[in-house]
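Per-entry structural report
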Amino acid sequence: MTAAQAIPVPEPVLREDRLDYTPTARSVAPCRHRAARLILQWGHPELAGDASLLVSELATNALLHGAIEGRLFRVHLTLTTTTLRIAVSDARGERLPGLREAEDDECYGRGLLIVARIADRWGVEPRTVGKTVFAELALRQGPEMPMGPREVVRAGPSRTGTEVTATPR
């Protein structure tokens, strides 16, 4: 194996939280509040608002598009030295999310646009049963760090039938 083929070493996880929720509308607020509280406790108050909004959008999408009766959805928060990762897993792997423009009179259809605007990176990962939709926020180390979305990662077929692995923004 050459240096160019070396497998990157994952960053060590500093903090982690994972909790399963009942797939009802009542679950969104508790998972949003839990995320904000944990991120404050983990020492990143600057990320608490964005992270709670991301949790809310991803959990709502899991309810609307990924819920199966009797199956829970999971919210998994992971903090490393450079990234806060928010991942929401549900049981419907055949229903992959995609960005779309909602009509002005539509009540739904803007959640992933919000995620794409706030997150530095987001995407979808298949699971044996279901899928995980994640969003990542970079931990800012100084004023030279860029703000805003940078990358979308999607595993599996997109709505157009082509596979997308990484798309710089």
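Relevant structure appears above.
Residues numbered from 1 in each chain as written. Predicted model: local features only at pLDDT ≥ 70, side-chain atom pairs only at ≥ 80, totals over all residues. Heavy atoms only, no water.

Some thoughts on the packing of helix α2 (residues 45–66) against helix α3 (residues 111–118)
Direction vectors running N to C along α2 and α3 enclose 150 degrees, while the axes themselves pass 9 Å from each other. One element, α2, and the other, α3, form an angle in the roughly antiparallel class. The handedness of the crossing between α2 and α3 comes out as left-handed. For the pair formed by α2 and α3, the contact residues are Asp50, Leu53, Leu54, Glu57, Leu58 and Asn61 on the first element and Gly111, Leu112, Ile114, Val115 and Ile118 on the second. Considering only residue class, the contact of α2 with α3 consists of 7 nonpolar, 2 polar and 2 charged. (Axes fitted to C-alpha atoms, helices over the stretch in contact; angles between N-to-C directions. Helix = DSSP H or I, 4+ residues; strand = E, 2+ residues; numbered from the N terminus. Parallel < 35°, antiparallel > 145°, perpendicular 65-115°, else oblique. Left-handed = near helix turned anticlockwise from the far one by under 90°. Contact = heavy atoms within 4.5 Å. Nonpolar A, V, L, I, M, F, W, Y, C, P; charged D, E, K, R; others polar.)

Thoughts on the pairing of strand β4 (residues 121–126)
Strand direction decides the pairing type here: β4 and strand β5 (residues 131–138), joined by 6 bridges, are antiparallel. For Val124, the partnering residue across the bridge sits in β5 and is Val133. Between β4 and the antiparallel strand that follows it, β5, lie 4 residues; Gly130 among them carries a positive phi value of about 95 degrees. (Pairing = 2+ DSSP bridges.)

A short note on the pattern of salt bridges
Taken as a whole and assessed by the stated rule, the structure comprises 8 salt bridges. Its salt-bridge partner being Asp17, residue Arg34 comes within 2.7 Å of it at the nearest N-O pair. With Arg34 in helix α1 (residues 28–41) and Asp17 in strand β1 (residues 15–21), this residue pair connects regions lying 17 residues apart in the sequence. One salt bridge in this structure joins Arg85 and Glu125, with 2.9 Å as the shortest N-O distance. Taken together, the residues span a long stretch of sequence, with Arg85 in strand β3 (residues 83–90) and Glu125 in strand β4 at a distance of 40 residues. Taken together, the shared-partner salt bridges connect Arg85, Arg121, Glu125 and Glu136 into one network. (Salt bridge = Lys/Arg side-chain N within 4 Å of Asp/Glu carboxyl O.)

Thoughts on α1
With 14 residues, α1 should cover 20 Å at 1.5 Å per step; its first-to-last C-alpha distance of 20 Å lies within 8% of that length. Those residues of α1 that sit buried are Val28, Cys31, Ala35, Ala36, Leu38 and Ile39. The buried residues of α1 occupy an angular sector of 165 degrees when the element is viewed end-on, so they sit on one face. Counted as exposed and oriented over 90 degrees from the buried face of α1: His33 and Gln41. Tucked inside the fold, the buried residues of α1 contact β1, α2, β2 (73–79) and β3. At the exit of α1 stands Gly43, carrying a positive phi of roughly 90 degrees. (Expected span 1.5 Å × (residues − 1). Buried < 20%, exposed > 50% of the residue type's maximum accessible area, 1.4 Å probe, protein only. Arc of directions from axis to C-beta.)

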